[in-house]
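Coordinate analysis (summary)
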Amino acid sequence: MTAIIDCQDVDLKFDGEHKPILKNINLQINQGEFVSIIGKSGSGKTSLLQMIGGLLAPSKGEILVNGQIIKSPIDEMTYVFQKPVLLEWRNVLENVLLPIELKRRPNQVDRKKAKDLIETVGLGGHEKKYPHELSGGMISRVTLARALLTEPEILLMDEPFSALDAMTKEQMQLELVELSVQFSTTVIFITHDLSEAVYLADRVVLLGGDPAQVIREFSVPFQRPRLKDWKFEPSFTKIVKEIYDEIEGLK
Ligand SMILES: Nc1ncnc2c1ncn2[C@@H]1O[C@H](COP(=O)(O)OP(=O)(O)OP(=O)(O)O)[C@@H](O)[C@H]1O
């Protein structure tokens with residue numbers, strides 16, 4: 001299988017710093033795969049995601065998406081930031097339609113698609129509400145609907161659920177997995193939450209060291225979408241524990 005995302009010997013060194021923060025990153029991600037990236041704070045997760053998204057240039061090596069070297073953001077990828085960015089003066093529907101509007105005037109088909117997605121993420125009936133009228137979970141749902149509107153081949157998500165309460169987070173995880181399977185979206189998902197990393201992904205990539213490298217990759221050999229109760233099964237906790245032990249060993 002050819003990788004849709006291919007990081008080849010990638011280093012990242014910021015200007016003015018004497019050593020790189022990421023070194024020799026080799027990471028291949030297949031079409032439709034869901035990959036979680038974990039690692040201690042400061043291990044370069046966001047920087048790696050930004051390089052894949054074309055927001056930051058590697059100092060060495062190359063990142064290819066669909067065989068093309070990434071030099072700037074491309075339409076096939078959508079980046080979802082840790083802090084949801086909604087425009088306060090636009091309602092839910094208008095916020096979801098924003099990526100289309102940045103390119104052209106939305107037509108009836110776009111509006112129908114946006115409304116369907118709003119329904120799918122559980123916000124049916126809230127289209128006319130403004131961001132200040134929404135809860136954190138609802139804002140997160142708007143962000144997800146907006147990210148999916150252009151049907152990106154690849155979703156790059158940087159701790160998108162970290163600010164949510166436990167129950168809303170769980171609900172969003174379920175929705176994300178279902179939608180990513182439905183749209184066969186390739187997803188790279190950064191999280192600090194090991195249980196979230198394992199529950200969502202086909203593969204968990206651990207970054208660590210100084211400069212950071214890919215320390216280990218953990219396969220999660222269970223079909224997605226997964227049952228909510230899987231989090232209570234030994235097959236789930238075994239993988240989480242294995243990753244936990246590896247991280248503990250890094251200290
Ligand atoms: N623009 C920059 N210039 C210099 N150093 C930077 C810059 N951006 C990030 N760094 C440094 O690079 C390292 C990696 O940062 P990055 O945000 O990628 O890590 P992270 O693993 O995503 O962290 P966290 O889990 O805390 O979000 C950190 O030491 C950070 O201080």
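Parameters and conventions
- Residues numbered from 1 in each chain as written.
- Predicted model: local features only at pLDDT ≥ 70, side-chain atom pairs only at ≥ 80, totals over all residues.
- Pairing = 2+ DSSP bridges.
- Helix = DSSP H or I, 4+ residues; strand = E, 2+ residues; numbered from the N terminus.
- Axes fitted to C-alpha atoms, helices over the stretch in contact; angles between N-to-C directions.
- Buried ≥ 20, exposed ≤ 12 C-beta atoms within 10 Å, placed from the backbone.
- Contact = placed C-beta atoms within 7 Å.
- Near = placed C-beta within 6 Å.
- Nonpolar A, V, L, I, M, F, W, Y, C, P; charged D, E, K, R; others polar.

**Overview of the sheet that holds strand β3 (residues 34-39)**
On the basis of which strands lie adjacent, the open sheet formed by 6 strands has the order β6-β7-β8-β3-β9-β10 and mixed pairing. A single partner strand is all that each edge strand has here, and the edge strands are β6 (77-80) and β10 (213-219). Each adjacent strand pair in this sheet contributes to an overall mean axis angle of 15 degrees, direction not counted. Note that β3 and strand β9 (residues 203-208) share 5 bridges and pair parallel. Across the sheet, residue Ile-37 finds its bridge partner in β9, namely Val-205.

**Details of the environment of Gly-53**
Mapped onto the elements of the fold, Gly-53 is located in the loop between α1 (45-52) and β4 (60-65). The class for Gly-53 is buried, based on 21 C-beta atoms found within 10 Å. Along the sequence, Gly-53 and Leu-155 sit 102 residues apart, while their C-alpha atoms lie 9.3 Å from each other. Aside from chain neighbours lying at most four places away, what touches Gly-53 is Pro-73, Met-77, Tyr-79 and Leu-156.

**Some points on the site of the ligand**
Neighbouring residues of the ligand: Phe-14, Ile-21, Gly-39, Ser-41, Gly-42, Ser-43, Gly-44, Lys-45, Thr-46 and Ser-47. It is α1 that provides the largest number of residues to the shell around the ligand, a total of 3 residues. Taken together, the residues of the shell around the ligand sort by class into 2 nonpolar, 7 polar and 1 charged.

**Side note on unusual backbone geometry**
Residue Asp-210 is joined to Pro-211 through a cis peptide bond whose omega torsion reads 0 degrees. Relative to the helices and strands, Pro-211 is located in the loop between β9 and β10. For the bond running from Arg-224 to Pro-225, omega is -10 degrees, close enough to zero to count as cis. Relative to the assigned elements, Pro-225 resides in the loop between β10 and α8 (234-250). Backbone geometry at Asn-24 places phi at a positive 50 degrees, although glycine is not the residue there. Residue position: Asn-24 is located in strand β2 (residues 22-30). Phi is positive for Ser-184, close to 40 degrees, though the residue is something other than glycine. With respect to the helices, strands and loops of the structure, Ser-184 is situated in the loop between α6 (166-182) and β8 (186-190).

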